[in-house]
Amino acid sequence: TTAPSSPSAALSSTVIFGGPEKAQAAPSVEQPVKMLLEDDRARAVLEAHLPGFADNAGMAATMGMSLAQMAVFAPDQITPDRLAAITADFAALGG
């Protein structure tokens, strides 16, 4: 065999960088809505329980709030039962 051309070449040929791929954490109703909508899994759960939620024109003002915080301001839409169902579905996504 021939010697690597540099010490870094020797290192990169013998070491795997980055480690194992990390599992994606389960979404939470305590995360900002913006983060939830950027996660395709969470977005699908939200749309299942709150149809049209992601496309609501007023969402821009609330993107930094969590779903739990939004529930205080929209108790008719984000009921305790819906919040519990969303929480259960998020937990089922694993993490």
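Cut-offs used in this document
- Residues numbered from 1 in each chain as written.
- Predicted model: local features only at pLDDT ≥ 70, side-chain atom pairs only at ≥ 80, totals over all residues.
- Heavy atoms only, no water.
- Core = buried A, V, L, I, M, F, W, Y, C linked by side-chain atoms within 4.5 Å.
- Buried < 20%, exposed > 50% of the residue type's maximum accessible area, 1.4 Å probe, protein only.
- Helix = DSSP H or I, 4+ residues; strand = E, 2+ residues; numbered from the N terminus.
- Contact = heavy atoms within 4.5 Å.
- pLDDT = per-residue confidence, 0-100.
- Expected span 1.5 Å × (residues − 1).
- Arc of directions from axis to C-beta.
- Salt bridge = Lys/Arg side-chain N within 4 Å of Asp/Glu carboxyl O.

Overview of the nonpolar core
The nonpolar side chains of soluble globular proteins are, as a tendency, buried together.
Next up, step 1: Among the nonpolar cores identified, the biggest contains 19 residues, and Val 29, Leu 46, Phe 53, Leu 67, Ile 78, Ile 86 and Phe 90 are the most heavily contacted of them.
Next up, step 2: At the level of secondary structure, the elements contributing two or more residues to this core comprise helix 2 (33-38), helix 3 (40-49), helix 4 (67-73) and helix 5 (80-92).
Next up, step 3: It is helix 4 that contributes the most residues to this core, four residues altogether.
Next up, step 4: Not counting residues up to four positions away in its chain, the partners in contact with Val 29 are Ser 66, Leu 67, Ala 68, Leu 83, Ile 86, Thr 87 and Phe 90.

Considering the confidence of the model for the protein chain
Next up, step 1: Considering every residue of the protein chain, the mean pLDDT works out to 82; 69% of them sit at 70 or more.
Next up, step 2: Predicted confidence in the protein chain is weakest over helix 1 (residues 7-14), with a mean pLDDT of 58, and strongest over helix 5, with 95.

Section: helix 5
Next up, step 1: With 13 residues, helix 5 extends 18 Å between its outermost C-alpha atoms, agreeing within 8% with the 18 Å of an ideal straight helix rising 1.5 Å per residue.
Next up, step 2: Looking at helix 5, one finds that the buried residues are Leu 83, Ile 86 and Phe 90. The buried residues of helix 5 all sit within an arc of 65° when viewed along its axis, so they share a single face. Facing away from the buried surface of helix 5 by more than 90 degrees, the exposed residues are Asp 81, Ala 91 and Ala 92.
Next up, step 3: Those residues of helix 5 hidden inside the fold are in contact with helix 2, helix 3 and helix 4.
Next up, step 4: In the segment just after helix 5, Gly 94 is the residue with positive phi, at about 80°.

Some words on the pattern of salt bridges
Where charged atoms of side chains with opposite charge meet at close range, the side chains can pair.
Next up, step 1: Throughout the structure, instances matching the rule amount to three salt bridges.
Next up, step 2: Of the charged contacts, one joins Glu 38 and Lys 34 as a salt bridge, the two residues approaching to 2.7 Å between their closest N and O atoms. Of this pair, Glu 38 and Lys 34 both sit in helix 2, four residues apart, roughly one helical turn.
Next up, step 3: Of the residues examined, Glu 38 reaches a relative accessible area of 54% and is grouped as exposed.
Next up, step 4: Looking at Lys 34, the relative accessible area reads 45%, which means it is partly exposed.
Next up, step 5: Between Arg 43 and Asp 55 there is a salt bridge whose closest N-O contact spans 4.0 Å. Of this pair, Arg 43 sits in helix 3 while Asp 55 is found in the loop between helix 3 and helix 4, placing the two residues twelve residues apart along the sequence.

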